[in-house]
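Remarks on the overall topology
Residues per chain are reported as follows:
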Amino acid sequence: MKRIITILLLSILFLILDNTLMPFFSVKGAYPSLLFVFAVCYSIIAGSWSAVFIGVLSGLLQDVYLTNGLGINMLINMLICLIAAEIGKTIFKDKSLIPIISSFFLSILKGILMFAILYIVKQYTDGKLILYISIYNMIVTIFMYKKVYKLSNVDFMMKNWKF
C-alpha cells in the first residue's frame, strides 16, 4: 500500500511541476515532461504490471490538461510504459545508459503517436517540437533514473513473492 501511495504522490508532484515550473525552462516552446520520464524510468525498473499502473495513472493525470483528447495520453502512456517494461527485462537495471537512450526513443514514439492521433481527430499540433521534447526528456532522464532506481530498491517499494 505504501508503494502505491508513494507512486501516486510522486506522480501528482511531477504533474504539478510539469505545469508550473517546467514552462519556464522551455527552449523554442519545448519543455520536458517530468511525469512521463518518471513513468518510463519506473516502468523499466518495476516490470509489466507496475508499468500498466503507472502508464494509466500518468496518462490520466496528463489528460486533465489535454482539452479535446481525453484518454489519448492514458492509452499512449500505457503502451509506452509496457514497451519500457519489456526493455527493462533484458538489461542490467543498475546501469543507466540503455534507459537514457530508451527514454529518448520512447519520447519520440509518444510524440509521433500523439501527433498522429490528434491529426486523425483534426486537432492539429506542431510536430516540430517532438525532437526537442525528446532531447529534453533524455537530459532529464540522466538525472532522474538513478534516483528512481534507488527509490525502487527501498524495502516498501519492492514486491515480495508470496507462496
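Model, not experiment: these values are computed from the prediction. (Residues numbered from 1 in each chain as written. Predicted model: local features only at pLDDT ≥ 70, side-chain atom pairs only at ≥ 80, totals over all residues. Heavy atoms only, no water.)

Examining the side chain of Thr-6
Tracing the chain through its elements places Thr-6 in helix α1 (residues 2–20). Judged by its relative accessible area of 18%, Thr-6 is buried. Excluding residues within four positions of it along the chain, Thr-6 makes contact with Leu-151, Phe-156 and Met-157. (Helix = DSSP H or I, 4+ residues; strand = E, 2+ residues; numbered from the N terminus. Buried < 20%, exposed > 50% of the residue type's maximum accessible area, 1.4 Å probe, protein only. Contact = heavy atoms within 4.5 Å.)

Examining the packing of aromatic side chains
If you walk through the whole model with that rule in mind, you get four aromatic pairs. Ring geometry for Phe-38 versus Tyr-42: centroids 6.1 Å apart, planes at 25°, classification stacked. Placement of the pair is Phe-38 and Tyr-42 together in helix α2 (residues 34–46), with a separation of four residues, close to one helical turn. When its relative accessible area of 1% is taken as the criterion, Phe-38 is described as buried. Ring pairs connect the aromatic residues Phe-14, Phe-38 and Tyr-42, which therefore count as one cluster. (Phe/Tyr/Trp six-rings, centres within 6.5 Å; stacked < 30°, edge-to-face > 60°.)

Regarding the UniProt feature "transmembrane region" (unreviewed entry) in the protein
Feature annotation in UniProt places "transmembrane region" (unreviewed entry) on residues 33–57, 64–85, 97–120 and 129–148, given in this structure's numbering. This span, residues 33–57, is 92% helix and 0% strand, and a straight line between its end C-alpha atoms measures 14 Å. End C-alpha to end C-alpha, residues 129–148 measures 26 Å, and it is 100% helix and 0% strand. (UniProt positions renumbered as here; feature names shortened; annotations may be inferred.)

Some words on the nonpolar core
Within the largest apolar cluster, 34 residues are counted, with the highest numbers of intra-cluster contacts made by Ile-7, Phe-38, Val-40, Ile-54, Met-144 and Val-148. Among the elements of the structure, α1, α2, α3 (48–63), α4 (72–89), α5 (97–120) and α6 (129–152) are those that each provide at least two residues to this core. Looking at this core element by element, the count peaks at eleven residues for α2. In this structure Ile-7 touches Phe-38, Tyr-42, Phe-53, Ile-54, Leu-57 and Met-157, once residues within four positions along its chain are discounted. (Core = buried A, V, L, I, M, F, W, Y, C linked by side-chain atoms within 4.5 Å.)

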